[in-house]
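Understanding the architecture of this molecule
Listed below are the residues making up each chain.
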Amino acid sequence: MSARFVRVAEAGRPTFEIVIDGCVAQAAEGDTLMVALLAAQDALRDSEFDASRRAGFCLMGACQDCWVWTVQGERLRACTTVAVPGMSIVTRTALAGEGVWPRAKS
Ligand code: FES
C-alpha cells in the first residue's frame, strides 16, 4: 500500500515499530499518530458513513475525522496523539470491536 505522506526534508529522527491493523510499520520519534499512519498507508481509518476511507481533515483536534483505536479498544484522535513504541492501532471498523461508531445503513 502506498503512503499518503512522504518524508522529504528530514530523515534523521530515531524510528521505532508500531503495528497498524496487525502489520508492523515504522514511526519516527515525535510523530503524531496521524503522521505515522499516513507515512505508512494511504488512509487513516474507515468512514463511519460508507465504505470509503478517511485521511483526517483539520489536523488540529477539532473535526473528529481522525479517530482510530488501540487493539484494547481505546479510541484515539490520531492528529493529537503522539506515537509511541509498541502501539498497536486499528483503523478498520470491522476490527475495532465494542465502542466503535456503527456504520450508517445505506
Ligand atoms: S484531523 Fe481533525 S480532529 Fe484530527
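Scope of this entry: the structure provided in the associated data block. Owing to the predicted nature of the structure, the values given are computational and were not obtained by experimental measurement. (Residues numbered from 1 in each chain as written. Predicted model: local features only at pLDDT ≥ 70, side-chain atom pairs only at ≥ 80, totals over all residues. Heavy atoms only, no water.)

1. A look at the packing of aromatic side chains
Scanning the model with the defined rule gives 0 aromatic pairs in all. Its guanidinium or amino end placed over the ring of Trp67, Arg75 lies 4.0 Å from that ring's centre, counting from NZ or CZ. (Phe/Tyr/Trp six-rings, centres within 6.5 Å; stacked < 30°, edge-to-face > 60°. Lys NZ or Arg CZ within 6 Å of the ring centre and 35° of its normal.)

2. Remarks on unusual backbone geometry
Not every positive phi belongs to a glycine, and Asp21 is a case in point at roughly 50°. Considering the arrangement of structural elements, one finds Asp21 in the loop between β1 (15–20) and β2 (23–28). Unusually for a residue other than glycine, Gln64 sits at a positive phi of about 70°. As for its placement among the helices and strands, Gln64 is situated in the loop between β4 (53–54) and β5 (67–70). (Helix = DSSP H or I, 4+ residues; strand = E, 2+ residues; numbered from the N terminus.)

3. Description of the nonpolar core
Grouped together as the largest cluster of nonpolar side chains are 19 residues, with contacts concentrated most on Ile18, Leu33, Leu37, Leu44, Val68 and Ala78. Those elements that place two or more of their residues in this core are β1, β2 and α1 (33–38). Among the elements that take part in this core, α1 stands out by supplying 5 residues, more than any other. Residues within four places of Val68 in sequence aside, it is in contact with Leu33, Leu37, Leu44, Arg45, Glu74, Arg75, Leu76, Ala78, Ile89, Val90 and Thr91. (Core = buried A, V, L, I, M, F, W, Y, C linked by side-chain atoms within 4.5 Å. Buried < 20%, exposed > 50% of the residue type's maximum accessible area, 1.4 Å probe, protein only. Contact = heavy atoms within 4.5 Å.)

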